[in-house]
Amino acid sequence: MLKWYMVRRWITSQFQRLSGKHVAMAVFAYALLSWVMLTLAGETALTTPFVDFIYYLFVTASTVGYGDMSPTTVAGKWVVALFVIPIGLGIFAIAVGRLAGVAINYWRRGLLGKRSVDVSGHILILGWNEHRTLHLIDMLLHEEKDGRPIVLCVRPEMENPLPKEIEFVRTASFTDEASMARAGVKDADCIIIDNPEDDITFSAALFCASKNPDVHILAYFQDEVLSNLLKSHCPNAECVPSVSVEMMAKAAVDPGSSELHHELLNTRKGMTQYAVEYPANAHHTTVNALFLRMKTDYDATLIGLRRDNEVMLNPALDADIKPNDLLFYIADERIDDFKWD
């Protein structure tokens, strides 16, 4: 009994060590021996042409058994009964199991964030704040729809929270070369950094800027000092400060202000704030003319513009609109078909 147990353990360990190379060699050896024995048995109808032989082996080993091809000689029947069928069943089961294992391992690696993502021009989110991050992803998915892919890169031990909608990468540090390369930091179009710890946000922003100097970086800070420090090192970075205290103070003086700001940021209902670039080839115009045109034709309200990294809120009506100005407006939905002429 003990010997049989040791034999079973040895067989199991050998099967576990089988690699794709070993399986391929076993399939080749099985096909070669089957062809030789069937040829010696006089089963020329099963061995020629070669395509029919391969077809017969697959049908037999997979237990499909259509019955359109079968041995006719006595020796051929013994070869099929004692070698082709039993050995073929074992090898077929091993090959299918191996392929299934590879597919499951590939899927699990993606779910656990251990696989490289094959995307470019994507939105890369660094950090995990549970419901806050899920809400951020939900708003981005609604805004982007069929636009840029979204990749979530986190440090905690967790699985992809939205496996059907986003890509996922796990890393020990947001400054780790290999892990960040798997997340496609060099090919990202926008990087959002949102961590509970400002120092990690700061170091992650510097690392991303060094790997992708032209990327649009959004970094959330609770400490305004680190926010200003990052701007001094990365002028292209857009730092988002915590405005909870300011919001409470504003709502205390002007009741309803918090609801108004929430409405402007909500992408799923009510009027929302959007931005669009004024084309370089569009005609010269003023705030007054564009304000009336947008309100009349699109029911949108022009509220400000950005020029040379400076935002002008509620600009004067006689102010000029220049090419490549970023225009901020309020509308029910994003407007993608502005007629500028």
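Residues numbered from 1 in each chain as written. Predicted model: local features only at pLDDT ≥ 70, side-chain atom pairs only at ≥ 80, totals over all residues. Heavy atoms only, no water.

Draft legend 1. Fine view of helix α12 (residues 287-298). Over its 12 residues, α12 extends 16 Å from the first C-alpha to the last, a length consistent with the 16 Å expected when each residue adds 1.5 Å. All of the buried residues in α12 are V287, L290 and M294. Angularly, the buried residues of α12 cover 70° about the axis, an arc narrow enough to put them on a single face. The secondary structure elements touched by the buried residues of α12 are β8 (285-286), β9 (301-307), β11 (320-321) and β12 (326-331). (Helix = DSSP H or I, 4+ residues; strand = E, 2+ residues; numbered from the N terminus. Expected span 1.5 Å × (residues − 1). Buried < 20%, exposed > 50% of the residue type's maximum accessible area, 1.4 Å probe, protein only. Arc of directions from axis to C-beta. Contact = heavy atoms within 4.5 Å.)

Draft legend 2. Representation of the nonpolar core in the model. Judged by nonpolar contacts, the single largest core of 30 residues is most densely connected at L124, L126, M180, I191 and L230. Listing elements by their share of this core, those giving two or more residues are β1 (123-126), β2 (150-154), β4 (190-193), α8 (198-211), β5 (216-221) and α9 (224-233). Sort the elements by how many residues they give to this core and α8 lands first, with seven residues. Setting aside chain neighbours within four positions, we find L126 in contact with C153, F174, M180, I191, I192, I193, D194, N195, A204 and C208. Y278, A282, L305 and I335 belong to the second largest nonpolar core, which has 17 residues in total. (Core = buried A, V, L, I, M, F, W, Y, C linked by side-chain atoms within 4.5 Å.)

Draft legend 3. Quick look at a nonpolar patch on the surface. Residues F28, L32, W35, V36, L40 and F50 make up a contiguous nonpolar surface patch of about 660 Å² in total accessible area. Ranked by the residues each element gives to the nonpolar patch, the list is headed by helix α2 (residues 20-40), at five residues. With respect to the helices and strands, the residue F50 is situated in helix α4 (residues 50-61). (Patch = residues over 30% accessible without salt bridge, like charges linked within 9 Å, V, L, I, M, F, W, Y side chains within 5 Å. Areas by Shrake-Rupley, 256 points an atom, 1.4 Å probe, with all protein chains shown as cover. Salt bridge = Lys/Arg side-chain N within 4 Å of Asp/Glu carboxyl O.)

Draft legend 4. View of the UniProt feature "domain: RCK N-terminal" (unreviewed entry) in the protein chain. Taken from the UniProt record, the annotation "domain: RCK N-terminal" (unreviewed entry) applies to residues 158-231. Here residues 158-231 is 38% helix and 19% strand, with 32 Å between the C-alpha atoms at its ends. (UniProt positions renumbered as here; feature names shortened; annotations may be inferred.)

Draft legend 5. Main features of the sheet that holds strand β10 (residues 310-313). Spatially, four strands are ordered β7-β12-β9-β10 in an open sheet, and the strand pairing comes out antiparallel. Pairing within the sheet leaves two strands with one partner each, and these edge strands are β7 (272-277) and β10. Along the sheet, successive strands turn relative to each other by an average axial angle of 25°, direction set aside. Sheet topology note: the β9/β12 ladder contains five bridges and is antiparallel. When the sheet's bridge partners are listed, T301 is paired in β12 with I330. Most of the contacts of α12 go to β9, to which it runs at about 135°, and overall it touches β9 and β12. (Pairing = 2+ DSSP bridges. Axes fitted to C-alpha atoms, helices over the stretch in contact; angles between N-to-C directions.)

Draft legend 6. A look at the UniProt feature "transmembrane region" (unreviewed entry) in the protein chain. The UniProt record marks residues 27-58 and 78-107 with the feature "transmembrane region" (unreviewed entry), using the residue numbering of this structure. A helix fraction of 84% and a strand fraction of 0% characterise residues 27-58, whose end C-alpha atoms lie 11 Å from each other.

Draft legend 7. Structural view of the domain arrangement of the protein chain. In terms of domain boundaries, the protein chain breaks down into domain 1 (18-112), domain 2 (122-241) and domain 3 (252-331). On the domain 3 side, the residues contacting the five residues of domain 2 number five residues. Together domain 2 and domain 3 conceal approximately 480 Å² of surface at their shared face, both sides included; 37% is due to carbon and sulfur atoms. By the criterion of area lost to domain 3, the three top residues of domain 2 are M139, H142 and E143, representing 71% of everything that side buries. Taken together, the links from domain 2 to domain 3 amount to zero salt bridges. There are zero residue pairs in polar contact (both at pLDDT 80 or more) connecting domain 2 and domain 3. The dominant element in the side of domain 2 that touches domain 3, judged by the number of residues it contributes, is helix α6 (residues 131-144), at four residues. When the residues that make up the side of domain 2 that touches domain 3 are grouped by side-chain class, the tally is one nonpolar, one polar and three charged. (Domains from an automatic or database assignment. Buried area = accessible area lost by both parts, 1.4 Å probe. Polar contact = N/O pair within 3.5 Å; in protein donor to acceptor, adjacent residues only side chain to side chain. Nonpolar A, V, L, I, M, F, W, Y, C, P; charged D, E, K, R; others polar.)

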